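Fold and contact review
Read off the chains here:
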Amino acid sequence: IKAVVNLGSGMDTLVFRSQVLASLPAWEVDQPINVAAKRKGLERALGEGPERVTQVAVDFDHEDLSQKLRDAGFGAREPTLFVLEAVTQYLTEDGIASTFDFLSKAPSGSRLLFTYVKQPFLDGDDIGDLKIIYKSTVQKGIWHFGLNPETVTDFLAPFGWEVVAHESSEEIAARYIP
């Protein structure tokens, strides 16, 4: 991996705190309002952000992600780590299609880390004890996209990605929460 593109980076500090990623050029991509807030936070905390990290403002549902990244200096020539955590549920079908179309053109050897909300949750069929989250996200029209765990491989295949690991939220919680 020679570069990092954190899609929907929000206030995530991954490219700043990860020793593995510390020397790599990185692009942090998010909604314009989030990029502006993060820039302010970085200026407050660091004076200015590291030169190797480029902030990119984009509306995933309405703007050309590929063009925005090219304009920001991302050449997509070398293996890249793409991170898409806690983002897909906010995107419309058009936003998902254009984002994964962009990812389908990733350089050979690239890796993709992404999370998704389960479709049965969005459908209201499997809310469990997450009623407050369901009401404040799904019912308010904030979350749109989900996947069924058994269809992730089929979803990724047309975009040229294959599943290397697919861990449940329970497996992730057991590993990282303690």
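Refer to the preceding data block for the structure.
Below, the structure is looked at part by part.

**Side note on the overall build of the protein**
Check the secondary structure of the protein and you find 8 helices and 5 strands. Starting at the N terminus, the α and β elements of the protein follow one another as β-α-β-α-β-α-β-α-β-α-α-α-α. For 178 residues, the compact-globule estimate of 2.2 N^0.38 gives 16 Å, and the protein sits close to it at 17 Å. Seen through its C-alpha atoms, the protein measures out along the principal axes to roughly 45 × 40 × 35 Å. Counting the 178 residues in the protein, one finds 37% classified as buried. At a minimum sequence separation of 6, the contacts of the protein that also span at least 24 residues come to 66%.

**Quick look at the side chain of threonine 80**
Tracing the chain through its elements places threonine 80 in strand 4 (residues 80-84). Here threonine 80 falls in the buried class, since its relative accessible area comes to 1%. Those residues in contact with threonine 80, other than ones at most four positions away along the chain, are Ile1, Ala3, Val4, Val5, Phe74, Pro107, Ser110 and Arg111.

**Focus: helix 6 (residues 131-138)**
Within the sequence span of helix 6, burial applies to Tyr134, Thr137 and Val138. The buried residues of helix 6 occupy an angular sector of 90° when projected down its axis, which confines them to one face. Facing away from the buried side of helix 6, by more than 90 degrees, are the exposed residues Lys131, Ile132 and Lys135. Here the buried face of helix 6 lies against helix 5 (119-122).

**Here's the deal with the layout of surface pockets**
For the largest pocket, the calculated volume is near 1,600 Å³. If you go around the largest pocket, you meet 47 residues; those closest to its centre are Phe114, Thr115, Tyr116, Glu167 and Ile172. For the lining of the largest pocket, the leading source of residues is helix 8 (residues 169-176), giving 5 residues. Here the residues of the lining of the largest pocket sort into 27 nonpolar, 11 polar and 9 charged.

Cut-off values and rules
Residues numbered from 1 in each chain as written. Predicted model: local features only at pLDDT ≥ 70, side-chain atom pairs only at ≥ 80, totals over all residues. Heavy atoms only, no water. Helix = DSSP H or I, 4+ residues; strand = E, 2+ residues; numbered from the N terminus. Rg over C-alpha atoms; globule rule 2.2 N^0.38 Å. Buried < 20%, exposed > 50% of the residue type's maximum accessible area, 1.4 Å probe, protein only. Contact = heavy atoms within 4.5 Å. Arc of directions from axis to C-beta. 1 Å grid on protein atoms, 1.4 Å probe; cavity = no way out; pocket = protein on both sides within 12 Å on 5 of 7 lines; lining within 4 Å. Points joined across faces, edges and corners; volume = space filled by probe spheres on them. Nonpolar A, V, L, I, M, F, W, Y, C, P; charged D, E, K, R; others polar.

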